Amino acid sequence: MNALRQSSPLAVTGKYLALAFYVAFALFPLYWLAKIAVTPDKLIFSEGTALIPSRFTFENFQTVLLQTDFLAYFRNSLIVSIGTAAITTVIAAAAGYAFSRFDFRGKRLIIALMLITQMFPLLMIIAPIYKIVATLGLLNSLTSLIIVYTAFNIPFATFLMQSFFDGIPKDLEDAGMIDGCTRFEALRKIVLPLTLPGLGATLGFIFTAAWSELLFALMLINSNDAMTFPVGLLTFVSKFSVDWGQMMAAGVLALVPSCLFFIFIQRYLVQGLTTGAVKG
Amino acid sequence: MAGIELNNIAKSYGSVEVLRDINLTIEDGEFIVLVGPSGCGKSTLLRMIAGLEPITGGEFHVDGRRMNEVPPRDRDMAMVFQSYALYPHMDVSRNMGFSLEIRKAQKEERSRKVGDAARTLGLTSLTERLPRALSGGQRQRVAMGRAIVRDPSAFLFDEPLSNLDAALRVEMRLEIARLHQRLNATMIYVTHDQVEALTLADRIVVLNAGDIQQVGTPLDLYERPSNKFVAQFIGSPTMNILGVDQTDHGVKLKDGTILDVGSRGEQKRAHELGVRPEHLDVVPEEAAHMKGVAELVEHLGSDTNIHASVPGVGPVLVRQHGHFPLKTGDAVNIAVDLEKAHLFGPDGARLAA
């Protein structure tokens, strides 16, 4: 606050202008998405790049919700994303805790292997993945997506969780164990409550990653019943035309869960929960 | 209730030996201070007693019961950490009562014990605060409160005062001393601060590089240090160590002055002379053993520290009581209190008087 007060009004104005420009720049595509979604089909091309359409309509939303398979896609995406986020976070939390707190044989090797998996472009392994999933008879199932997404997200999530655990002083668990906890009790009663922000962040990241994934979903899912939302969006593109209005309306609806999710976990993302534990 | 016994305790990480052959018996109700420079293994030893570090060699007994493999929660010891280690998501009273909560004590018992401890430590008005809303000194008190509530068989302190400012440190030191008098419990206290060690301890254990150098009362260590390390570690300012040669009439300083230190056991091997700054005196020229120049004079009010340079001998620190009118650059004539000087052999061991 002091720094702000001391700097000249000009600098402050400049700072806020720069921020405002950045926010406008980042949010403009979202605005355009929403704008087209509420523009009547007839006006999309005739009004061109007008910032505000002359008439509004919610017809697109109605059509998407009632006359397409959108709700099915939506449900499928929700199952896949929540499943992936939950499984990944549980495994990553356990692995991250082990990396953070214990020394065991092969620790460096496992970390190296996990890093190596992140080095390959997805395109390279998509064929073998397809083959494996096909052999398992899991093509066209949501399970296959959950398994594949979980496998791909675990390394990143593990390192994320490890850094959160690293941020919790070891003394706290020691104090807990001296106070009468077993190691597991100390983990549950002391470390876990302090890791909630970390768990929230990890859940959020993995959820959004799974929610918007297209490549594997496109490869492994063909039947309409098991399509996830990004694949489903493509059905709005037909041979002869693109249903822009409906596609954008679907896109707006697809943003809803991500937004809800982040609003929900936002309070756990507040930094500084461990303040006061140890001398800072 | 707790007599603690360490027999040949050793600790190594792989091939790195950090402690070896630690033998120590701690009486019930005794206040033991483990002191030594950084990395001497004192905190590791404390953590081994607490059960937080596995013991890799030797036997650890409490009241005759072998404790090597007993988990920390069953050792009935409370520990105050250097970092305080308060649970950040619990308020002060829950922090203090957490051990009782874990042991499923009755609610009334819990609040009574927490209330008692809070009153003792002057925390009553803060019981509903979270640790992050407390000052350093208050956090320190809560950490102590958490230990008191336990009513443990032994208290372990791991450099509890080193994160506090100087004034608060003195205050908390007194509080810990008072606590020991009141509870009369066994306390093991780790510090690198020799003032804390000298003021608090019934007995001090001086550690260096994984070995016990000496165990004794504060006065023992001050008056009869077993070697040069202890002699220099205990006492402030640090003892002067002057190189000497053995002669038939006493020891000879490097500038040729002979000091008659009387006959001592194995005087033949005398290699260095140790004399504390307070056992040197500024005297008239004819009574002096050493003649030097004051390079720096520190006036502390209660004392005056004179950093003198003696040609042929080296730097010598003299401490005079009260204000001593001397300026930088003045000549100083120094006499040695030979009764209180120590002789050290080439291996650093003190030669008995």
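Residues numbered from 1 in each chain as written. Chains lettered and ligands numbered in written order. Predicted model: local features only at pLDDT ≥ 70, side-chain atom pairs only at ≥ 80, totals over all residues. Heavy atoms only, no water.

### Focus on the pattern of salt bridges
All names here are of chain B.
And then number 1: Here the structure, examined in full by the defined rule, presents 24 salt bridges over all chains.
And then number 2: Here E109 ties to K113 by a salt bridge, and the two come within 3.1 Å at their closest N and O atoms. On the criterion of helical spacing, the pair formed by E109 and K113 is a turn pair, its members being four residues apart in helix α3 (residues 107-121).
And then number 3: Judged by its relative accessible area of 26%, E109 is partly exposed. (Salt bridge = Lys/Arg side-chain N within 4 Å of Asp/Glu carboxyl O. Helix = DSSP H or I, 4+ residues; strand = E, 2+ residues; numbered from the N terminus. Buried < 20%, exposed > 50% of the residue type's maximum accessible area, 1.4 Å probe, protein only.)

### Here's the deal with the domain arrangement of chain A
Residue and element names in this part refer to chain A.
And then number 1: The domains assigned to chain A are domain 1 (9-57) and domain 2 (69-266).
And then number 2: Its C-alpha centre places domain 1 at a distance of 32 Å from the equivalent point of domain 2.
And then number 3: Counting residues at the interface gives eight residues for domain 1, matched by seven residues for domain 2.
And then number 4: The junction of domain 1 with domain 2 conceals about 600 Å² of combined surface from both sides, 83% of it contributed by carbon and sulfur atoms.
And then number 5: Contact with domain 2 buries area across many residues of domain 1, yet L33, I36 and A37 alone supply 61% of it, more than any other trio.
And then number 6: Where domain 1 packs against domain 2, one counts zero salt bridges.
And then number 7: Scanning the region where domain 1 abuts domain 2 turns up zero residue pairs in polar contact (both at pLDDT 80 or more).
And then number 8: When contributions to the side of domain 1 that touches domain 2 are tallied by element, the ones reaching two or more residues are α2 (9-37) and α3 (41-46).
And then number 9: Broken down by element, the side of domain 1 that touches domain 2 gets its largest block of residues, five residues, from α2. (Domains from an automatic or database assignment. Contact = heavy atoms within 4.5 Å. Buried area = accessible area lost by both parts, 1.4 Å probe. Polar contact = N/O pair within 3.5 Å; in protein donor to acceptor, adjacent residues only side chain to side chain.)

### Here's the deal with the interface of chain A and chain B
And then number 1: Contact residues are listed per partner, giving 23 residues for chain A and 27 residues for chain B.
And then number 2: Here chain A and chain B share an interface that buries about 2300 Å² over both sides, 60% of which is from carbon and sulfur atoms.
And then number 3: Here chain A and chain B share three salt bridges between them.
And then number 4: Where R47 of chain B meets D174 of chain A, a salt bridge forms, and the shortest distance between an N and an O atom there is 3.0 Å.
And then number 5: Looking at the side of chain A that touches chain B element by element, the count peaks at seven residues for helix α9 (residues 170-178) of chain A.

### Let's talk about the sheet that holds strand β8 (residues 186-191) of chain B
Pairing between the strands of a sheet comes from backbone hydrogen bonds, and it takes one of two forms, parallel or antiparallel.
Residues and elements named next belong to chain B.
And then number 1: Across the sheet, which stays open at both edges, the six strands sit in the order β6-β7-β8-β3-β9-β10 with mixed pairing between neighbours. Here the strands that pair on one side only, and so sit at the sheet edges, are β6 (77-80) and β10 (211-216). On average, adjacent strands in this sheet sit at an angle of 15° to one another, irrespective of strand direction.
And then number 2: Summarising the sheet, strand β3 (residues 31-35) and strand β9 (residues 203-208) pair through four bridges and their orientation is parallel. Across the sheet, V35 pairs through a bridge with V206, a residue of β9.
And then number 3: In the packing of helix α4 (residues 136-150) onto the sheet, the strands contacted are β6 and β7 (154-158), and the crossing angle to β6 comes to about 180°. (Pairing = 2+ DSSP bridges. Axes fitted to C-alpha atoms, helices over the stretch in contact; angles between N-to-C directions.)

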